[in-house]
Amino acid sequence: MSARLAPRVDDPASRGFFELAANGELGVLTCAQCSTRTHLPRPRCVGCGGKNLEWAAVVGSGRAKSWTVVEHQVHPLFPVPYTVVLIELDDEENIRMVGHLPGRVAVDESTEFVVDFEDLGPDRNGNATVLPTWRIATDNG
Amino acid sequence: MDDRWQRDVCAIAGVGQSAFSKYSGVSVTALAADAALAALADAGIDPSEVDGVVRNDMDLVSCAALGDAIGAGNLTYYGEAGPGGSGPCAMVAQAVAAIMSGQAKTVVVFRSLNGRSGNRFGLSAELDPVIGGAETFTEFFGPYGLLSPGIFFALIAQQYMNETGLTSEQLANIALVARKHANNNPTAQMYDRAMTLDDYMGSRMLSTPLRLFDYCLETDGASAVVVTTTERAKDLRQPPAIIRAVAMASGPRPQPGQMYPVLMRENPLSMPSRYCAETLYTRAGLGPQDIDSAQLYDCFSITALLQIEDYGFCAPGEAGGFIESGQLEVDGAMPFNTSGGHMSEGYIHGMNHVVEGVRQIRGHSSNQVAGASVSLVTSAPPPSTAALILVSA
């Protein structure tokens, strides 16, 4: 794909995710008090209600929980077919990320994914815009 | 549970709809007025008696604009509920609350949209090259091509298939029964278009595993109902559809944002309809065995299927077998979307399901269930949901 649909990276609720991505890390909001992960980000910890939450790097691998091959185009920047995957992170409980694969990709519940980071260039305010992307893991990682 | 709910205090006294089409050629306010005036005429209430209006939060028509269009009097109550398709039963619930608290006596509840010629849900509205922010959280979804409700529900459907073994041939029954019912309903958009299993299986794949005929229609149209006290409704033109119970539910930890964040819930398949059903049946003093027809929100086939389990018509994970055993037919255990619903009557965002629930109570459905006296009507899950039960006098 050429032109990309970029994420807004400067929203107060989610900018920490993209700050970590710019460092090549996959971030999940994590409670400094009880260590519970909170994804999507929330103003209070979903485990203990605490307010002291920090974006912390988590493992950049996971497994497909669900998937769809999109055959009907709904957006000019996303030519069909493409595959959308819901990925459950390894070593975490119910933390999921969404991945995009061009084309019709055969995926099942055993398909393993690893994260990459794609630099989309700075936004109009000069903020780095780096998108965590997912590819199917191969034997050599 | 809090037991202060009061059964049977309010009723739906009138129902009305505009024509359903792919191109109305008129404003959404004009459509809303058509539906509201039809509902008032049905009830035998003069528009000047309307003192309350409840709208959907995604409607383009304000309560005041509708009041103005139909010649309502001074509105002493106006409200709205949503989000979107989760709204209609909650909108009726709000009308009930307004009446029971003494803020209004004659409340019009409506939904109006040019869903095909105006704003289309099937196309992404996010054409800005940067997506997300403002706590929509679409920055976590849009950049990966998750850009429409159809793609979201395809992921839900695939997970359900992974976990239960549901097949496409089973899922087809939702669309096939809806179409069969629409073929008896002269006002349905698909009235004159029959559908076979081969038609369904041969329809275009839009987002696997969902085909064209797993999707609802795109419709220009409006539906409205008039809510008043049961005591008053009994003296009006039509037999009242008494509101036995209403319920709304967010479910626990529903996630921020709207539809796509549901994928990040503890279990993406756990819909708020399960919680809504519990509240609704408790308030009604009724259960799934008492329901004569189920008008279930069906933006997609899978959306309706999940609710069949959540509202207790079959055990969790067993809806595939349930729907292929004829239970959705008029003479089955759960007569389903007897107007054709969103998939074959028209997509009025859940409001036409309320109208059909009333028709069943009156005995006026084009797919009438013999002796029907209890209607279940639901609105969209997710992100939140609402439902109601109507009974005859």
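Residues numbered from 1 in each chain as written. Chains lettered and ligands numbered in written order. Predicted model: local features only at pLDDT ≥ 70, side-chain atom pairs only at ≥ 80, totals over all residues. Heavy atoms only, no water.

## Topic: unusual backbone geometry
Leave glycine aside and you will find that most residues have negative phi; peptide bonds, for their part, are mostly trans.
Inference 1: In this structure, L40(A) follows H39(A) across a cis peptide bond, with omega equal to 5°.
Inference 2: Its location among the elements puts L40(A) in the loop between β3 (37-38) and β4 (53-58).
Inference 3: For the peptide bond that leads from P382(B) to P383(B), omega is 5°, which places it in the cis range.
Inference 4: Of note, Q255(B) is a non-glycine position whose phi angle comes to about 80°, a positive value.
Inference 5: Following the sequence through the fold, Q255(B) ends up in the loop between β9 (241-249) and α8 (273-284).
Inference 6: A positive phi angle, near 60°, is found at H349(B), a position not held by glycine.
Inference 7: With respect to the secondary-structure elements, H349(B) resides in the loop between α11 (341-345) and α12 (351-362).
Inference 8: Under the relative-accessibility criterion, H349(B) is labelled buried at 2%. (Helix = DSSP H or I, 4+ residues; strand = E, 2+ residues; numbered from the N terminus. Buried < 20%, exposed > 50% of the residue type's maximum accessible area, 1.4 Å probe, protein only.)

## Some details on the interface of chain B and chain A
Inference 1: With 46 residues of chain B at the interface, the matching set in chain A holds 42 residues.
Inference 2: Roughly 3,800 Å² is buried in total at the junction of chain B and chain A, and carbon and sulfur atoms are behind 60% of that figure.
Inference 3: Interface area lost by chain B to chain A is led by F140(B), Y144(B) and M264(B), which between them contribute 20%.
Inference 4: At the junction of chain B with chain A, the criterion picks out 0 salt bridges.
Inference 5: At the junction of chain B and chain A, the tally comes to 24 residue pairs in polar contact (both at pLDDT 80 or more).
Inference 6: At the level of secondary structure, the elements contributing two or more residues to the side of chain B that touches chain A comprise β5 (130-131), α4 (149-164) and β6 (205-207) of chain B.
Inference 7: Sort the elements by how many residues they give to the side of chain B that touches chain A and α4(B) lands first, with 7 residues. (Contact = heavy atoms within 4.5 Å. Buried area = accessible area lost by both parts, 1.4 Å probe. Salt bridge = Lys/Arg side-chain N within 4 Å of Asp/Glu carboxyl O. Polar contact = N/O pair within 3.5 Å; in protein donor to acceptor, adjacent residues only side chain to side chain.)

## Examining the sheet that holds β3(A)
All names here are of chain A.
Inference 1: Overall, antiparallel pairing links the 3 strands, which are arranged β3-β2-β4 in an open sheet. If you trace the sheet from one side to the other, it starts and ends with β3 and β4, each paired once.
Inference 2: Here strand β2 (residues 26-31) runs beside β4; their pairing, made up of 6 bridges, is antiparallel. Looking at β4, one finds that C31 is bridged to L53.
Inference 3: Lying on the sheet, helix α1 (residues 15-22) is in contact with β2 and β4; it crosses β4 at an angle near 35°. (Pairing = 2+ DSSP bridges. Axes fitted to C-alpha atoms, helices over the stretch in contact; angles between N-to-C directions.)

## Examining the confidence of the model for chain B
Inference 1: This prediction gives chain B a mean pLDDT of 96; 98% of its residues lie at or above 70.
Inference 2: Taken together, the chains of this predicted complex give a pTM of 0.97 and an interface ipTM of 0.97. (pLDDT = per-residue confidence, 0-100.)

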